Amino acid sequence: GVYTGGRPLALPKLNLQFLTFHDYLLRAFTLFRLEAAYEIRSDLADAIARIAPRVDPFGGVYFAGWARMATKTLGLSVTEVAKPNLGETVPALVAAEVVVSLGSFKEEIREEWEQLREHDVLFLVAVHPPAQAQADGSSSSGKGKGKGGKGKGGKGKGQGHGQGK
């Protein structure tokens, strides 16, 4: 099966003895990837909880709270999609321009957003109402929200710094 995050995941132990140096590096790298994925998931869950998404009477989503590095996107345009690398099916690069409004944030938080540059990793998360709200006959295109992640690795060009340049 596929791991969905609903149950604890056993991590491989890094014992003091290994068959080869390559085995040690592979196990250490696997452990690092699992820890990084857990940190990213925790950061996203924290940001989503802080913005407090709610369902409005029309079946759409609004945010009752706020988070330092999370906000609604006003626009997203894909500027470049590169062909997949040989033997792969996903694009080698997807570049996009993200437009956000920072008017409701304090100056120090706006400055933090303005410090985002190319190659900084942003997570764009779509928040949709639960299936129950959609089953009532109302349709919605959930509002997106971006979460800035500095130093978490990844590919892409983050060109949405601050005023949507």
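Above this text sits the structure in question.
Residues numbered from 1 in each chain as written. Predicted model: local features only at pLDDT ≥ 70, side-chain atom pairs only at ≥ 80, totals over all residues. Heavy atoms only, no water.

Undergrad: Looking at this structure, I do not really get the packing of aromatic side chains. What am I missing?
TA: By convention here, two paired aromatic rings are described through the distance between centres and the angle between planes. Under the criterion given, the structure shown has 2 aromatic pairs. Judged by centre distance (6.2 Å) and plane angle (25°), the ring pair of Phe 21 and Tyr 24 falls under stacked. One end of the pair is Phe 21 and the other is Tyr 24, both in helix H1 (residues 21–51) and 3 residues apart, which spans about a single turn. Taking the relative accessible area as the measure of exposure, Phe 21 reaches 61% and is therefore exposed. (Phe/Tyr/Trp six-rings, centres within 6.5 Å; stacked < 30°, edge-to-face > 60°. Helix = DSSP H or I, 4+ residues; strand = E, 2+ residues; numbered from the N terminus. Buried < 20%, exposed > 50% of the residue type's maximum accessible area, 1.4 Å probe, protein only.)

Undergrad: Explain the pattern of salt bridges here, please?
TA: If charged atoms from side chains of opposite charge come close, those side chains can pair. Evaluated as defined, the whole model comprises 5 salt bridges. Across the salt bridge formed by Arg 68 and Glu 112, the nearest N and O atoms sit 2.7 Å from each other. Within this pair, whereas Arg 68 is found in the loop between strand S2 (61–63) and strand S3 (70–81), its partner Glu 112 is found in helix H2 (residues 107–114), the two being separated by 44 residues in sequence. The partly exposed category is assigned to Arg 68, whose relative accessible area is 37%. Residue Glu 112 is classed as partly exposed on the basis of its relative accessible area, which comes to 22%. Residues joined by salt bridges that share partners form a network here, namely Arg 68, Glu 108 and Glu 112. (Salt bridge = Lys/Arg side-chain N within 4 Å of Asp/Glu carboxyl O.)

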